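Remarks on the overall topology
The lines below spell out each chain.
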Amino acid sequence: MSKDTSTTTNRHIIADAFVTSSGKAQLIGSRCSRCETYTFPKSFTCPNPVCDGSDIATAELSHKGRLASFTIIHYPPPPPYVAPDPFEPFAIGAVSFAEGIQIIGPMTDCDPWDLTMGMEIETVVEPYYTTRDGVSVIGWKFRPVSEERE
Amino acid sequence: MRDVAIAGVGLHPWGKFPNKSWVQMGAEVAVEAVADAGLQWIDIQAMVAGSMQWGGSTGMRAGNTLAAALGETGIPIANINNACASGGSVLRSAWLMIAAGIHDVVLAIGTDKSPKGFFPSVPILSEEPDEPVDMLRWYLGLPNPGYWALEMKKRMATHGSTEEHLAKVKVKNSRHGSLNPYARYRKTFTIEEVLASPMVCDPLRLYEICATSDGAASVLLTSVDYAKRSSIPMVKLAACSLSSGQFGDPTMRIPLLSAVSDERATAPLLSESKIAAEMAYTQSGLGPEDIDFVELPDNSSWHELQYLETMGFCEPGESEKLLDDGVTSLGGDLPVCPSGGFSSFGEATMAQGLLQVVEATWQLRGTAGDRQVEGAQIAMTEVYGAQANNSACILTT
């Protein structure tokens, strides 16, 4: 059996959830044109019970937000999570965006123990893991905004 | 609406029982509740059972499985799954059947065996065009306690709660559980021991998160008129609510990836839990000030701190003081989880809402032994389920 070892192919961890077209990663949700409710991942309905809006459009969220909360995961989660070997504790953040929605994602480029509530965060797209047949699975992560990187 | 009585209860000890099937555990508590009420199996007019996902297709139809084991009589049987709040939902359905005057004797039952460790997602059709959201959070790697940890971090930032408070909840509930022969964990812990337990999802430690257990519980409901034939002290199920979440709630809900931001929230944190409690108060005509003790869903130490205010027993940020002052300990003004709670039992999702009601029944009968709440006449229970499921009960003598 021939193996495709090409790493040029990649797959999104969740389809249609983020873009990098502007050069800066942004999450993609949806927005109801009537009540301006944002949803993530994107939805084909408006979840607001008093809104009968049916014009639900894809909407890019702000590149940056604030760290509303975070937790450090100390044990490997079960599949379909793909844990690195050896496993290292990692942080998951809830980031609050100006659009009025908070979204969870893994934290990157930081020491989990240095995170603080309310810190400024930016969205990035990075590899999560590589499958056995060489496909790089990519997705959104969050990292503290650093003046050095700017 | 007719008044509803708890005529009989049954409880299996909780733990891990690799040599005993969930069917046997369920059959035992069913027989126990019927005998407790002084009735016969053939007196049961309807059954509502927890639809147990871990038991495969026969587990999902647990009520029919139990009827086949104990004797089929053609009665209506409904199987319900509302996540960890299934027991409350099961009881609510049975309660409605009696209150509405449709049936006089209805068995509510939950029997469950849980997988070890973090609850995994349940397999689904592979042909669906969209992946179910429950899969998505696992790609990111967020287990259920991680969701609770996110809320606890906020509580610490807002109210100044500490890791010691989280540990104190476990210390208190371990003392209560040590007095309960049905509990899985009966060891008492010190604050130092809890704080030395491994961190799981910061700031929640191993001993501050309930385990996953095997367990079974049953509650036999009758109309109050029917129960008057019995010699057992009367306990009434004065309220049994069921609620779901409300749009605009900032809780990051299992298993979702987003919530409205705290700044834009238009509904309270744990809206389903607040609604369930308020519905129970309305149904019973009672209020938080009338409650003698509470069995709340201490799925984690965060839950106990949050639920005291969500259920209306104190203002936001005051739960820690109630804990510090011993108000919520046995002997205090408002004992919380005198059974030892899920902290001492572990979760058995189909049964845990019924476990609370069994404990409250024994307490109101005055038969709770060493953990008896002296003079208890009015009890409240509330159970929490993933994806915004909740149920609250108020029991009276």
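Residues numbered from 1 in each chain as written. Chains lettered and ligands numbered in written order. Predicted model: local features only at pLDDT ≥ 70, side-chain atom pairs only at ≥ 80, totals over all residues. Heavy atoms only, no water.

**Examining the interface of chain B and chain A**
- The interface of chain B with chain A comprises 33 residues on the first partner and 37 residues on the second.
- Together, the buried faces of chain B and chain A total about 3000 Å²; carbon and sulfur atoms form 69% of this surface.
- On the chain B side of the interface with chain A, the three residues burying the most area are B:Tyr139, B:Leu140 and B:Phe247, jointly 24% of the side's total.
- Put simply, chain B and chain A have zero salt bridges between them.
- For the pair chain B and chain A, the interface holds 15 residue pairs in polar contact (both at pLDDT 80 or more).
- For the side of chain B that touches chain A, the elements supplying multiple residues, two or more each, are α5 (133–140), α6 (144–159), β5 (199–201) and β10 (258–260) of chain B.
- With seven residues, the top contributor of residues to the side of chain B that touches chain A is α6(B).
- Partitioning the side of chain B that touches chain A into residue classes produces 23 nonpolar, four polar and six charged.
- Two elements, strand β8 (residues 101–106) of chain A and β10(B), share three bridges in a ladder whose sense is antiparallel. Among the inter-strand pairings, A:Ile101 is bridged to a residue of β10(B), identified as B:Val260. (Contact = heavy atoms within 4.5 Å. Buried area = accessible area lost by both parts, 1.4 Å probe. Salt bridge = Lys/Arg side-chain N within 4 Å of Asp/Glu carboxyl O. Polar contact = N/O pair within 3.5 Å; in protein donor to acceptor, adjacent residues only side chain to side chain. Helix = DSSP H or I, 4+ residues; strand = E, 2+ residues; numbered from the N terminus. Nonpolar A, V, L, I, M, F, W, Y, C, P; charged D, E, K, R; others polar. Pairing = 2+ DSSP bridges.)

**Examining the packing of aromatic side chains**
- Summed over the entire model, instances satisfying the criterion amount to nine aromatic pairs over all chains.
- Measuring from ring centre to ring centre gives 5.4 Å for A:Tyr81 and A:Phe90, while their planes differ by 5°; the resulting arrangement is stacked. No difference in accessibility class separates A:Tyr81 from A:Phe90, as the two residues are buried.
- Each ring, one from A:Phe87 and one from A:Phe90, has its centre 6.0 Å from the other, and the planes form 85°; the classification is edge-to-face.
- An aromatic cluster of at least three residues, connected via ring pairs, comprises A:Tyr81, A:Phe87 and A:Phe90.
- Of note, B:Lys187 hangs over the ring of B:Phe189, and the distance from its end group to the ring centre comes to 4.4 Å. (Phe/Tyr/Trp six-rings, centres within 6.5 Å; stacked < 30°, edge-to-face > 60°. Buried < 20%, exposed > 50% of the residue type's maximum accessible area, 1.4 Å probe, protein only. Lys NZ or Arg CZ within 6 Å of the ring centre and 35° of its normal.)

**Comments concerning the packing of α6(B) against helix α11 (residues 301–310) of chain B**
All names here are of chain B.
- Their axes nearest at 10 Å, the elements α6 and α11 cross at an angle of 60°. When the interaxial angle is binned, α6 and α11 end up oblique. Once α6 is placed against α11, the crossing between them reads as left-handed. In this structure, α6 contributes Trp-148, Glu-151, Met-152, Arg-155 and His-159 to the contact, and α11 contributes Trp-302, His-303, Leu-305, Gln-306 and Glu-309. (Axes fitted to C-alpha atoms, helices over the stretch in contact; angles between N-to-C directions. Parallel < 35°, antiparallel > 145°, perpendicular 65-115°, else oblique. Left-handed = near helix turned anticlockwise from the far one by under 90°.)

**Here we look at helix α3 (residues 62–70) of chain B**
Residue and element names in this part refer to chain B.
- Residues of α3 that are buried: Ala-62, Gly-63, Thr-65, Leu-66 and Ala-67.
- Next to the buried residues of α3 lie α1 (22–36), β2 (46–50), α2 (56–60), β3 (77–80) and β4 (105–112).
- With its phi angle positive at about 125°, Gly-71 sits one or two positions after the end of α3.

**Let's talk about the domain arrangement of chain B**
All names here are of chain B.
- When the domains of chain B are assigned, the result is domain 1 (4–117 + 214–236) and domain 2 (144–207 + 239–396).
- Of note, the centres of domain 1 and domain 2, computed from C-alpha atoms alone, are 23 Å apart.
- Taken together, the contact between domain 1 and domain 2 spans 47 residues of the former and 37 residues of the latter.
- Summed over both sides, the interface of domain 1 with domain 2 buries roughly 3200 Å², with 69% coming from carbon and sulfur.
- Where domain 1 packs against domain 2, one counts one salt bridge. (Domains from an automatic or database assignment.)

**A look at the pairing of strand β10 (residues 136–144) of chain A**
Residues and elements named next belong to chain A.
- Counting buried positions along β10 gives nine out of nine residues, so the element sits mostly inside the fold.
- Judged from the three bridges that link them, strand β1 (residues 10–12) and β10 form a sheet pairing that is parallel. Each bridged residue has a counterpart across the sheet, and for His-12 the counterpart in β10 is Ile-138.
- When strand β9 (residues 120–130) meets β10, the two strands line up antiparallel, connected through nine bridges. When the bridges of β10 are listed, Val-125 appears paired with Trp-140.
- In textbook terms, the turn of a hairpin is the stretch between consecutive antiparallel strands, and for β9 and β10 this stretch comprises five residues, one of which, Gly-134, has a positive phi near 85°.

**Some details on the pattern of salt bridges**
- Taken as a whole, this structure holds 23 salt bridges over all chains when the rule is applied.
- Salt-bridge contacts for B:Asp134 lead to B:Arg137; the nearest nitrogen and oxygen are separated by 3.1 Å. You can see B:Asp134 and its partner B:Arg137 sitting in helix α5, three residues apart, about one turn around the helix.
- Under the relative-accessibility criterion, B:Asp134 is labelled partly exposed at 24%.
- For B:Arg137, a relative accessible area of 3% corresponds to the buried category.
- Note that B:Asp249 and B:Arg253 form a salt bridge whose closest N and O atoms lie 3.4 Å from each other. Taken individually, B:Asp249 and B:Arg253 each receive the classification buried, so the pair is uniform in this respect.
- Members of the salt-bridge network, linked through shared partners, are A:Asp109, A:Glu122 and A:Arg143.

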